[in-house]
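Below are the chains, spelled out letter by letter.
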Amino acid sequence: MKKRKKHNGAAYFLLIVIGAVITFPFVWMIFACFKTNGEILGSTKLLPSRFSFDAFKKGWNGVGNITFATYFKNTFLLVIPTVVLTVMSCSFVAFGFARFRFPGKKMFFALMISTLMLPNSVIIIPRYLIFNKLGLLNSYWPFYLPALFACFPFFIFMIIQFMRGIPRELDEAAYIDGCSSLGLYVKILLPLMKPALFSAGLFQFMWTWNDFFNTLIYISSVKKFPVSLGLRASLDTAAQVQWDKVMAMSLISILPLIVMFFAAQKYFVEGISTTGLKG
Amino acid sequence: MRQNQVKKKWKMRDVRGLFYISPWIIGFAALQLYPFLSSLYYSFTQYNVLGSPKWVGLANYVRLFTIDPDFKKSILVTMEYALFSVPAKLIFALLIAIVLNMKLKGINLCRTVYYIPSILGGSVAVSALWRLMFMSDGILNKLFALAGLPPVNWLGQAGTAMFTICLLQVWQFGSSMVLFLAALKQIPVDLHEAAEIDGANRIKRFFYITLPMITPIVFFNLIMQSINALQNFTSAFVITNGGPLKSTYLIGMKLYTEGFSNFKMGYASAISWILFVIILVFTLLVFKSSDAWVYYEDGGDF
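These numbers were taken from a predicted model, which means no experiment stands behind them. (Residues numbered from 1 in each chain as written. Chains lettered and ligands numbered in written order. Predicted model: local features only at pLDDT ≥ 70, side-chain atom pairs only at ≥ 80, totals over all residues.)

**Student:** Could you give an account of the overall build of chain B, with specific residues and numbers?
**Tutor:** A tally of regular secondary structure across chain B gives 14 helices and two strands. By the compact-globule yardstick of 19 Å for 302 residues, chain B is too spread out, its C-alpha radius of gyration being 25 Å. When its C-alpha atoms are laid out on the principal axes, chain B stretches across 85 × 65 × 35 Å. Expressed as a percentage of its 302 residues, the buried residues of chain B come to 39%. (Helix = DSSP H or I, 4+ residues; strand = E, 2+ residues; numbered from the N terminus. Rg over C-alpha atoms; globule rule 2.2 N^0.38 Å. Buried ≥ 20, exposed ≤ 12 C-beta atoms within 10 Å, placed from the backbone.)

Pasting the structure below:
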């Protein structure tokens, strides 16, 4: 019994030390936002000598005459429709895979699963060329279209797995009551799938919010920049990076994700555990 | 009679599955399969977006492997990056998962806190933070000075720059950890109890029970994390910009430079296909080797 206790003490110590090391960058970042640029680079102290909101005010003004308000508005314009379209299309397709025995189902399913491992880099150039031909560069369509056409096998698979847990007797009962398959999907299954849809939506929100490579490729005019590109611009334009401003805007840019994570962490953890999604 | 009608209706209804998966069929054909095949075609052409692709045979590949000095470097750098960051991340994630599995109080809080880097790690914001912390006059060197250690030029030397971006990857161990934790919870307690009675100590039980039982998750994590690591772009681009002396010039960056700065689409496609083949060969090797080290309780049938 005594030995157990000792073990627990060591385990707690380890967990706390690791937790401190892991969170240190965030803690330091939060305080850095209230420091001046000189203090960030010059002082060793964690706390600022004087809490100042200057960095937030100056940083918000961004580069040129476009403020972070625009970048944030753009990010939401980019992310929200992408998330909604992804959840709708993927659950629609998952319904098809999970509840019907149509010709070629095995082949289609195998193809869908194999695209789980299709690296994005091998399709990015032709995709760019397609969107270029369609005249959709510098718009958010290169993000909306893959979402509309369910090009996210992770989420399809995740929702299928969830749907397998919903008894098929429900379908039968609905059909006998004269419900169409579309009615079954919309009125009965969708409400039951809420947790899975929520998980998929959260992950898609997070990935699209953090996405840098695609925004860098597809979005070229500053007016349409999402936050990721806005941040990068403030890192690159000045010869001497104004770190106080960069840190303040970085903090604001990750805040929505952190709030969302704490509000809905159950869904994150469940989402990963059920399908093994990468984080 | 009625039975028959019901049966017939079933069949009709099942074909409707095709209707429901039709968005995916379109998306798969137009945005996955077509791009996949056409990038192979483009890789044999010279194409600068404005004109039309001009067939050049193997010239792009020959150039990549013989003339282009950056390419070989970027392959080596990418391999090095994956080889260090993925195992380090997985081992760390597994160790933490084992500690968290000890059923202590407050575990949920730990799990939550440890997971945070995973949701933010890929963002520009965190990469910017990393760059600031590891600069030569950044906070890390200040802490080193406080501890009486000499400052390290983290981003200015090849070895330490690579270490810095690997560390960012390892820092995001949370999602792997959650997967390991779920797998650890699946291990039947009686296996451990029986082994304990037989006199197996903790270390022995780890290597003979825990590890074999979670090999499917190790396998899954290894493949997915490697595919991601081999394609990494953001951290190298924002933190080190590929430097110093191209020591962190990952293939993802090379692809971006050729395709979207120089607009050499044919050349960039050749790079993307080489990356694809690397990923494919790696995945097949892991799959082939999995017979020897992955244990499926149900025999491994999907």
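**Student:** Could you give me a rundown of the overall build of chain A, with the residues and numbers involved?
**Tutor:** Helix and strand counts for chain A come out as 15 helices and zero strands. Rg of the C-alpha trace for chain A: 23 Å, well past the compact-globule value of 19 Å for 279 residues, more than 25% over. In terms of overall dimensions, chain A has a C-alpha envelope of 70 × 70 × 35 Å along the principal axes. Among the 279 residues that make up chain A, the fraction classed as buried is 43%. By sequence separation, contacts in chain A at least 24 residues apart represent 76% of the contacts at least 6 residues apart. (Contact = placed C-beta atoms within 7 Å.)

**Student:** Tell me about the interface of chain B and chain A, and name the residues and values.
**Tutor:** It is common to give the size of an interface as the accessible area lost on bringing the parts into contact. Listed by partner, the interface residues are 75 residues for chain B and 71 residues for chain A. Across the side of chain B that touches chain A, the residue classes break down as 50 nonpolar, 20 polar and five charged. (Nonpolar A, V, L, I, M, F, W, Y, C, P; charged D, E, K, R; others polar.)

**Student:** Quick one: what's the story with the nonpolar core, residue by residue and with numbers?
**Tutor:** C90(A), V93(A), I156(A), I159(A), M247(A) and F180(B) are the most contacted members of the largest nonpolar core, which has 154 residues in total. Of the residues forming this core, the biggest block, 14 residues, is contributed by helix α4 (residues 68–99) of chain A. Looking at which domains feed residues into this core, each of domain 1 (2–42) and domain 2 (63–293) of chain B supplies at least three. For C90(A), the contacting residues outside a window of four places in its chain are A150(A), F152(A), F155(A), I156(A), I159(A) and A200(A). (Core = buried A, V, L, I, M, F, W, Y, C linked by C-beta atoms within 7 Å. Domains from an automatic or database assignment.)

**Student:** I'd like to hear about the environment of S180(A), residue by residue, with values.
**Tutor:** Considering the arrangement of structural elements, one finds S180(A) in the loop between α9 (169–176) and α10 (181–192). The spacing of S180(A) and P142(A) is 38 residues in sequence and 34 Å in space, taken between C-alpha atoms.

**Student:** Outline helix α5 (residues 124–134) of chain B, supporting the account with residue identities and numerical values.
**Tutor:** Buried residues dominate α5(B), accounting for 11 of its 11 residues. Of the residues making up α5(B), those classed as buried are V124(B), A125(B), V126(B), S127(B), A128(B), L129(B), W130(B), R131(B), L132(B), M133(B) and F134(B).

**Student:** Outline the packing of helix α4 (residues 107–120) of chain B against helix α8 (residues 174–186) of chain B, listing residues and values.
**Tutor:** Residue and element names in this part refer to chain B. The interhelical angle for the contact between α4 and α8, taken along N-to-C directions, is 130°, at an axis separation of 7 Å. Looking at the two axes, α4 sits oblique to α8. Judged by residue contacts, Y114, Y115, P117 and S118 of α4 engage G174, S175, M177 and V178 from α8. Broken down by class, the residue content of the contact of α4 with α8 amounts to five nonpolar, three polar and no charged. (Axes fitted to C-alpha atoms, helices over the stretch in contact; angles between N-to-C directions. Parallel < 35°, antiparallel > 145°, perpendicular 65-115°, else oblique.)

**Student:** Outline unusual backbone geometry, supporting the account with residue identities and numerical values.
**Tutor:** Omega for the bond connecting G243(B) with P244(B) falls within 30 degrees of zero, at -10°, which places this linkage in the cis form. Inspection of the secondary structure puts P244(B) in the loop between α12 (234–240) and α13 (251–261). A positive phi angle, near 55°, is found at A150(A), a position not held by glycine. Considering the arrangement of structural elements, one finds A150(A) in the loop between α7 (141–148) and α8 (153–163). A positive phi angle, near 50°, is found at N241(B), a position not held by glycine. Within the secondary structure, N241(B) sits in the loop between α12 and α13.

**Student:** Explain the environment of I124(A) to me, using residue names and the numbers behind them.
**Tutor:** Topologically, I124(A) is positioned in helix α6 (residues 120–133). Separated by 90 residues in the primary sequence, I124(A) and N214(A) place their C-alpha atoms 8.7 Å from one another.

**Student:** Any chance you could break down the environment of F219(B) for me, citing the residues and the numbers?
**Tutor:** All names here are of chain B. The residue F219 is located in helix α11 (residues 215–230) in this model. Taking the C-beta count within 10 Å as the criterion, F219 has 18 such neighbours and is therefore assigned partly exposed. Separated by 74 residues in the primary sequence, F219 and W293 place their C-alpha atoms 9.0 Å from one another. Sequence-distant contacts of F219, defined by excluding residues within four places in its chain, comprise V286, S290 and V294.

Taken by themselves, the reported measurements are silent on function.
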